[in-house]
4 protein chains.
Amino acid sequence: MAGAGGIGKRVWIIAEGWIPSGGLSDHTLMPHETACILNTGNREATIELTVFFSDRDPVRYELRVPPRRTRHVRFDGLLDPPIPRDTDYSSLFVSDVPVVVQHTRLDSRRAEIALMTTVAYGE
Amino acid sequence: MAGAGGIGKRVWIIAEGWIPSGGLSDHTLMPHETACILNTGNREATIELTVFFSDRDPVRYELRVPPRRTRHVRFDGLLDPPIPRDTDYSSLFVSDVPVVVQHTRLDSRRAEIALMTTVAYGE
Amino acid sequence: MAGAGGIGKRVWIIAEGWIPSGGLSDHTLMPHETACILNTGNREATIELTVFFSDRDPVRYELRVPPRRTRHVRFDGLLDPPIPRDTDYSSLFVSDVPVVVQHTRLDSRRAEIALMTTVAYGE
Amino acid sequence: MAGAGGIGKRVWIIAEGWIPSGGLSDHTLMPHETACILNTGNREATIELTVFFSDRDPVRYELRVPPRRTRHVRFDGLLDPPIPRDTDYSSLFVSDVPVVVQHTRLDSRRAEIALMTTVAYGE
């Protein structure tokens, strides 16, 4: 039952966005933000990601999530163009099939780490 | 009044999932993720939990929550099969009665702990 | 405009609940959980709070929030009966007027503090 | 497509509010709370922000977010009047166009930092 048509929404927004510079250097412990995307349906999801800034025009990326798979997209893994650190941003996901998006940040500017998460705003 | 038919939804998704290896060894302080499930109604909830991965087929579990009780399910307590650490996953809960699901992670890879929580996506 | 009829919902659930023992002893830094309740309307809110456990019957409390005021209710301030520490619980708020409920935990079992928050599930 | 009419809602509430005194003194690391606001539409957003307290009347501010831009508003940057530290508050955003609001707190009263975030309650 769960996989029939795919669960979720097609438009998601993460209004918070800010990747600190500095911090720990290990890949999983360096400061980063992630969008966790679940596609429960039977068709691949093609997602247009638009990243907004406070003082310049938005930029676009394309993501794909296979059917019945999850994909955890690190924003510091977006390369064309890269998202600058220490910069306010927000992100908009528009998918061609229903998905669910959850946002996390890991911050390790100090010796310890801090975490935060929220389900994105879906519509 | 509160317990009449049970409050909440029957389908819930936690798109984030990742249990770090390492960290503190005390049971309540070792890195873990939890799904907190509240059943306010007068009938036991039977919940099908499907865990999705990035590179392999989903796996299924069955959970039960008694009437008018809460159950905090640790993902590292799921044993058949166990969920591997350091691995991206997402989870889908389909209940036969309305419930509410909230997600938390405690991370203690460093000497201190970090926490995060969000209400799951409900539908 | 904002204060006309009051914004929000009348039923809210926080499925996560767990107050650690130990930690720092300063009142604002000791481990605690809080329900932040905003009443934007012009009438006092009377709220029935039901706390659910995993292995015993729920208990009830009554809260009041004046018109156009916020109230941040610490669960360790509920005294009749007190909520035990190191114990899984969930909470249900049923208000006679619309309000908004947000949940936080501060954890200081280790030397540092960890925080988490989410808007509660509203219905 | 994404920028046509603007995505989100016009009324948002953050019930939690509390800016600790003390902590680190660096601007990005001192304790603060932020409302991240995304305006995906083609018209500037004018937002009336009302801050509620537990024991006094609410105060008002006006914010603007340009079209297709994000704005991360620090509550300790509101100056007329300033929001006192160590004080419970909540906030209500009423916008003339749809926006999305997400809330974060960074706490550095101890040597390390703690973070929390949630999408605000939208209506």
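To start, this report covers the structure provided alongside it.

The rules we used
Residues numbered from 1 in each chain as written. Chains lettered and ligands numbered in written order. Predicted model: local features only at pLDDT ≥ 70, side-chain atom pairs only at ≥ 80, totals over all residues. Heavy atoms only, no water. Helix = DSSP H or I, 4+ residues; strand = E, 2+ residues; numbered from the N terminus. Rg over C-alpha atoms; globule rule 2.2 N^0.38 Å. Buried < 20%, exposed > 50% of the residue type's maximum accessible area, 1.4 Å probe, protein only. Contact = heavy atoms within 4.5 Å. Areas by Shrake-Rupley, 256 points an atom, 1.4 Å probe, with all protein chains shown as cover. Lys, Arg positive; Asp, Glu negative; His and termini not counted. Charge placed at Lys NZ, Arg CZ, Asp CG, Glu CD. Polar contact = N/O pair within 3.5 Å; in protein donor to acceptor, adjacent residues only side chain to side chain. Pairing = 2+ DSSP bridges. Least-squares fit on C-alpha atoms with pLDDT ≥ 70 in both. Salt bridge = Lys/Arg side-chain N within 4 Å of Asp/Glu carboxyl O. Buried area = accessible area lost by both parts, 1.4 Å probe. Nonpolar A, V, L, I, M, F, W, Y, C, P; charged D, E, K, R; others polar. Phe/Tyr/Trp six-rings, centres within 6.5 Å; stacked < 30°, edge-to-face > 60°. Patch = residues over 30% accessible without salt bridge, like charges linked within 9 Å, V, L, I, M, F, W, Y side chains within 5 Å.

Counting its regular elements, chain A contains zero helices and eight strands. Scaling as 2.2 N^0.38, a compact globule of 123 residues should have a C-alpha radius of gyration of about 14 Å, and chain A matches this with 15 Å. Overall, the C-alpha framework of chain A stretches about 45 × 30 × 25 Å when taken along its three principal axes. Looking at chain A as a whole, 63% of its 123 residues are labelled buried. Taking the contacts inside chain A whose residues are at least 6 apart along the sequence as the reference set, 72% of them involve residues at least 24 apart. Carbon and sulfur atoms make up 49% of the accessible area of chain A, which amounts to about 4,300 Å² in all. Between the averaged position of the 14 positive side-chain charges in chain A and that of its 16 negative side-chain charges there is a distance of 6 Å.

Time to look at the side chain of Glu-112 of chain D. Its location among the elements puts Glu-112 of chain D in the loop between strand S6 (89-107) and strand S7 (114-119). At a separation of 2.9 Å, a polar atom in the side chain of Glu-112 of chain D contacts the main-chain amide nitrogen of Glu-112 of chain A. Other than its neighbours up to four places away in sequence, Glu-112 of chain D contacts Arg-110, Ala-111 and Glu-112 of chain A, Glu-112 of chain C together with Asp-107 of chain D.

All names here are of chain D. Side chains of strand S4 (residues 59-65) alternate between two faces, with Val-59, Tyr-61, Leu-63 and Val-65 buried and Arg-60, Glu-62 and Arg-64 left unburied. Pairing of strand S3 (residues 45-53) with S4, which is carried by seven bridges, proceeds in the antiparallel orientation. Across the sheet, residue Val-51 finds its bridge partner in S4, namely Val-59. Where S3 hands over to S4, the hairpin turn is made up of five residues, counted between the paired strands.

Next up on the list: the relation of the copies chain C and chain D. Superposition record for chain C on chain D: RMSD 0.0 Å, screw rotation 90°, translation along axis 0.0 Å. This pairing of chains is accounted for by a four-fold axis.

Overall, the coordinates contain 45 salt bridges over all chains when judged by the stated rule. Between Arg-69 of chain B and Asp-57 of chain C there is a salt bridge; the shortest N-O distance is 3.1 Å. In this pair, Arg-69 of chain B sits in strand S5 (residues 69-74) while Asp-57 of chain C sits in the loop between strand S3 (45-53) and strand S4 (59-65), so the two residues belong to two different chains. Judged by relative accessible area, which is 16%, Arg-69 of chain B ranks as buried. Measuring nitrogen to oxygen at the nearest pair gives 3.3 Å for the salt bridge that ties Arg-56 of chain D to Asp-55 of chain D. Looking at Arg-56 of chain D, the relative accessible area reads 36%, which means it is partly exposed. Salt bridges sharing common partners tie together Glu-16, Glu-33, Arg-105, Asp-107 and Arg-109 of chain A.

Next up on the list: the interface of chain B and chain A. On the chain A side, the residues contacting the 37 residues of chain B number 29 residues. Between chain B and chain A, the buried area comes to about 2,700 Å², and carbon and sulfur atoms account for 65% of it. Of all residues in chain B, Phe-52, Arg-110 and Tyr-121 of chain B give up the largest surface area on contact with chain A, accounting jointly for 23% of the area buried on that side. Inspection of the chain B/chain A interface yields one salt bridge. At the level of elements, strand S1 (9-14), strand S3 (45-53), strand S6 (89-107) and strand S7 (114-119) of chain B are the ones that each hand at least two residues to the side of chain B that touches chain A. It is S6 of chain B that contributes the most residues to the side of chain B that touches chain A, eight residues altogether. Considered class by class, the residues forming the side of chain B that touches chain A number 18 nonpolar, seven polar and twelve charged.

This part is about unusual backbone geometry. The omega torsion across Asp-80 of chain A and Pro-81 of chain A is 5°, close enough to zero to call that bond cis. Topologically, Pro-81 of chain A is positioned in the loop between strand S5 (69-74) and strand S6 (89-107). The phi dihedral of Arg-68 of chain D falls on the positive side, at around 60°, and the residue is not glycine.

At the interface, 29 residues of chain C touch 38 residues of chain D. The tally of links between chain C and chain D comes to one salt bridge. When contributions to the side of chain C that touches chain D are tallied by element, the ones reaching two or more residues are strand S1 (9-14), strand S2 (32-39), strand S5 (69-74), strand S6 (89-107) and strand S7 (114-119) of chain C. Of all the elements, S7 of chain C adds the most residues to the side of chain C that touches chain D, at six residues.

A word on the environment of Leu-92 of chain A. Along the polypeptide, Leu-92 of chain A turns up in strand S6. Spatially, the C-alpha atom of Leu-92 of chain A lies 11 Å from that of Glu-123 of chain A, the residues being 31 residues apart in sequence.

This part covers the pairing of strand S1 (residues 9-14) of chain A. Residue and element names in this part refer to chain A. Both S1 and S6 contribute to a ladder of five bridges, which runs antiparallel. If you follow Lys-9 over to S6, its bridge partner there is Val-99. Alignment of S1 against strand S8 (residues 121-122), held across two bridges, turns out to be antiparallel. Within the sheet, the bridge partner assigned to Ile-13 lies in S8 and is Tyr-121.

To continue, consider the packing of aromatic side chains. Remark: the centre distance and the inter-plane angle together describe each pair of aromatic rings, the angle taken between the planes. Evaluated as defined, the whole model comprises eight aromatic pairs over all chains. Geometrically, the ring pair formed by Tyr-121 of chain A and Trp-12 of chain D is edge-to-face, given 5.5 Å between the ring centres and 70° between the ring planes. Note that Tyr-121 of chain A is positioned in strand S8 and Trp-12 of chain D in strand S1 (residues 9-14), a pairing that runs across two chains. Given the relative accessible area of 8%, Tyr-121 of chain A is considered buried. Classification of Trp-12 of chain D as buried rests on a relative accessible area of 0%. For the pair Phe-75 of chain C and Tyr-89 of chain C, a centre-to-centre distance of 5.5 Å together with 55° between the ring planes defines the contact as tilted. Placement of the pair is Phe-75 of chain C in the loop between S5 and S6 and Tyr-89 of chain C in strand S6, with a sequence separation of 14 residues.

Among the surface-exposed residues, Lys-9 of chain A, Lys-9 of chain B, Lys-9 of chain C together with Lys-9 of chain D lie close enough to one another that they form a single positively charged patch. In this fold, Lys-9 of chain A is placed in strand S1. On the basis of relative accessibility, which here comes to 31%, the residue Lys-9 of chain A falls in the partly exposed class.

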